[in-house]
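This is what each chain is made of:
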Amino acid sequence: MRARRNDFSQGSIAKNILSLAIPLTVAQLTVVLYNVVDRAFIGHIDAVGRDAFTGIGLVMPVTYIINAFANLCGTGGAPLCAIARGQGDDKRASRIMGVSFTFLLLLGAALTAVFYLFHEPFLYLVGGSDETVRHAKSYLLIYLAGTIPVMISLGMNPFINAQGFGGTGMMTTLLGAVINLILDPIFIFALDMGVQGAALATVIAQSCSALWVLVFLTGRGAILHLTRENLGLDGEILRKVCGLGLTGFTFQVTNSLVQALGNAQLQAYGTAAGMGDLYVAAMTAIVSVREIVMQPVRGLTQGAQPVIGYNYGAGQYSRVRRSILFLTVAGLSYNLAVWLLILAIPHVFILLFNDDPVLLEVGVKTMRVYYAGYVMMAFQMIGQNTFVALGRAKNAVFFSLFRKAILVVPLMLILPRLWNLGAYGIFASEPVSDIVGGLACYITMMLTVWPDMRKPDKVREEN
């Protein structure tokens, strides 16, 4: 009877998805707050706010890379756990979780060492100047101490959600976010620690979140337990985890690549006019806003993964189809509302980070360009997460690479040279990729997945 808890083949599709998606969305928003709140407080430090804020923009590619390796384990292992649970094999599901955790710890240790050794050349490579790199180093050298805790929090929380404990998953990051919000103003302003205070607050908050995850997964409340016998590496499981996890991994790595290339290009095109750091600051604000507003759709689509994966494993194909339709309607409706809001009042979002009038003027113009095709991003996230939920790693990885690496990177190099667009061409590459990449991913998903889900449902066994 214990293995039948959180049976996603029963009940309302919308209720099952939202029961995971709502707390997951709250959880992901609080994860974003770790970094975005830091940027907001840092951007309002007297005298050095804009330069310090720009410096934190240089650190963003590092945080994306760390998140990428956490996603390699979490978004790779958790869907496989959901499918194994749907098949009634909790022993294998627990082993998948243990292997993923072991691999995550090894990756965290390696990343910490690499970035400590090569942080300074990396920060200059991604568009830093002497002044902004000074602030970036002050933040990064402390932030890296929390690499393993943040990877545990991000990488193992999907295993809590895969078991149907969305509220517990939400508390993982809610706990850390509250601690971060309390400590940030104390360390930054009251103790006059500046960017170092922001980094220290984040490390403490991430450590608390990681501890929460470990306590739950080793306790009695979980269905799948993180035990000593399930730890270690297993080549067959690791290949499947990495194969499926490449989707979340490539999403974050290509985000890091695009952010780094964008900063470098903006610095190059803006330096002649004395606006290099200003353009980098505008991009930092715009991407920070995107991190916030995209979380509800990300939470919705990732919250649907255990539901889709469980029903697929249980042979309930009609419920998989209904899940995809629900995601399409809900995701597009939300993105349309956000798109209209940002285009109408972009200045409100820029002011969250800095009130410099020059930055505000440039930020408003560039934000409207950057978000011109944002509504279509819903198609990308629905299609890609459906591929992940069904274990179709190759499709998911391809479309993750397609939108960023194949579309955005060349566009960032080409568009600034066309029609005298200059730096604005770099911002314009994003809406082109949103439209082309989103439609390509969703249409392919419907053409390949939908016919397979028309098979008759398997007869469910009664307890």
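What comes next is a walk through the structure.

About the thresholds
Residues numbered from 1 in each chain as written. Predicted model: local features only at pLDDT ≥ 70, side-chain atom pairs only at ≥ 80, totals over all residues. Heavy atoms only, no water. Helix = DSSP H or I, 4+ residues; strand = E, 2+ residues; numbered from the N terminus. Rg over C-alpha atoms; globule rule 2.2 N^0.38 Å. Buried < 20%, exposed > 50% of the residue type's maximum accessible area, 1.4 Å probe, protein only. Areas by Shrake-Rupley, 256 points an atom, 1.4 Å probe, with all protein chains shown as cover. Lys, Arg positive; Asp, Glu negative; His and termini not counted. Charge placed at Lys NZ, Arg CZ, Asp CG, Glu CD. Expected span 1.5 Å × (residues − 1). Phe/Tyr/Trp six-rings, centres within 6.5 Å; stacked < 30°, edge-to-face > 60°. Lys NZ or Arg CZ within 6 Å of the ring centre and 35° of its normal. Salt bridge = Lys/Arg side-chain N within 4 Å of Asp/Glu carboxyl O. Contact = heavy atoms within 4.5 Å. Axes fitted to C-alpha atoms, helices over the stretch in contact; angles between N-to-C directions. Parallel < 35°, antiparallel > 145°, perpendicular 65-115°, else oblique. Left-handed = near helix turned anticlockwise from the far one by under 90°. Nonpolar A, V, L, I, M, F, W, Y, C, P; charged D, E, K, R; others polar. Core = buried A, V, L, I, M, F, W, Y, C linked by side-chain atoms within 4.5 Å.

What about the overall build of the protein chain?
Okay, so step 1: Looking only at helices and strands, one finds 16 helices and 0 strands in the protein chain.
Okay, so step 2: For 463 residues, the compact-globule estimate of 2.2 N^0.38 gives 23 Å, and the C-alpha radius of gyration of the protein chain, at 22 Å, lies within 12% of that figure.
Okay, so step 3: Its C-alpha atoms give the protein chain principal-axis dimensions of roughly 70 × 45 × 35 Å.
Okay, so step 4: Taking all 463 residues of the protein chain together, the buried fraction comes to 61%.
Okay, so step 5: Total accessible area computed for the protein chain in this model is approximately 17400 Å², and 67% of it derives from carbon and sulfur atoms.
Okay, so step 6: Side chains of the protein chain carry 32 positive and 25 negative charges; the gap between the two charge centres is 12 Å.

Section: helix H14 (residues 377-389)
Okay, so step 1: With 13 residues, H14 should cover 18 Å at 1.5 Å per step; its first-to-last C-alpha distance of 18 Å lies within 8% of that length.
Okay, so step 2: Taken across its 13 residues, H14 has 13 buried, putting it largely inside the fold.
Okay, so step 3: Backbone geometry just downstream of H14 places Gly-391 in the positive-phi region, at approximately 75°.

Here's the deal with the packing of aromatic side chains
Okay, so step 1: Overall, the coordinates contain 13 aromatic pairs when judged by the stated rule.
Okay, so step 2: Measuring from ring centre to ring centre gives 4.8 Å for Phe-69 and Phe-249, while their planes differ by 75°; the resulting arrangement is edge-to-face. Remark: Phe-249 occurs in helix H8 (residues 235-271) and Phe-69 occurs in helix H2 (residues 49-86); sequence separation between them is 180 residues. Note on accessibility: Phe-69 and Phe-249 belong to one class, buried.
Okay, so step 3: Each ring, one from Tyr-370 and one from Tyr-371, has its centre 5.3 Å from the other, and the planes form 65°; the classification is edge-to-face.
Okay, so step 4: Stacked on the ring of Tyr-317, the Lys or Arg Lys-455 has its end atom at 4.6 Å from the ring centre.

Describing the pattern of salt bridges
Okay, so step 1: Enumeration over the complete set of coordinates arrives at 9 salt bridges.
Okay, so step 2: Between Lys-137 and Glu-120 there is a salt bridge, with the nearest N and O atoms lying 3.1 Å from each other. One end of the pair, Lys-137, is in helix H4 (residues 130-143); the other, Glu-120, is in helix H3 (residues 90-125), and 17 residues separate them in sequence.
Okay, so step 3: Looking at Glu-120, the relative accessible area reads 34%, which means it is partly exposed.
Okay, so step 4: A salt bridge links Lys-365 to Glu-361, with the shortest nitrogen-to-oxygen separation between them at 3.7 Å. Of this pair, Lys-365 and Glu-361 both sit in helix H13 (residues 357-370), 4 residues apart, which is roughly one turn of that helix.
Okay, so step 5: Each member of the salt-bridge network shares a partner with another, and the members are Arg-290, Arg-403, Glu-430 and Asp-434.

Focus on the side chain of Gln-305
Okay, so step 1: For Gln-305, the location among the structural elements is in helix H10 (residues 295-313).
Okay, so step 2: Gln-305 gets classed as buried once you look at its relative accessible area, which sits at 8%.
Okay, so step 3: Excluding anything up to four places from it in sequence, Gln-305 contacts Pro-79, Asn-385, Val-388 and Ala-389.

Points about the packing of H10 against H14
Okay, so step 1: Contact geometry for H10 and H14: axes closest at 9 Å, N-to-C directions at 30°. Taken together, the axis directions place H10 and H14 in an arrangement best described as roughly parallel. In terms of crossing hand, the pair formed by H10 and H14 is right-handed. Contacts between H10 and H14 involve Val-297, Arg-298, Thr-301, Gln-302, Gln-305, Ile-308 and Gly-309 from the first element and Met-381, Ile-382, Asn-385, Thr-386, Val-388 and Ala-389 from the second.
Okay, so step 2: Each residue belonging to the contact of H10 with H14 can be placed in one class, and the counts come to 6 nonpolar, 6 polar and 1 charged.

Thoughts on the side chain of Gln-295
Okay, so step 1: Positionally, Gln-295 belongs in helix H10.
Okay, so step 2: Residues within four places of Gln-295 in sequence aside, it is in contact with Thr-25, Gln-28, Leu-29 and Val-32.

Concerning the nonpolar core
Inside soluble globular proteins, nonpolar side chains tend to come together where they are buried.
Okay, so step 1: Among the nonpolar cores identified, the biggest contains 95 residues, and Phe-69, Met-97, Tyr-139, Met-151, Met-156 and Leu-217 are the most heavily contacted of them.
Okay, so step 2: Looking at this core, the element that brings in the most residues is H2, giving 16 residues.
Okay, so step 3: Residues contacting Met-151, with those up to four places away along its chain left out, are Ile-66, Phe-69, Ala-70, Leu-104, Leu-107, Gly-108, Leu-111 and Met-156.
Okay, so step 4: Counting residues in hydrophobic clusters, the runner-up holds 41 residues, among them Ile-286, Val-338, Met-377 and Met-412.

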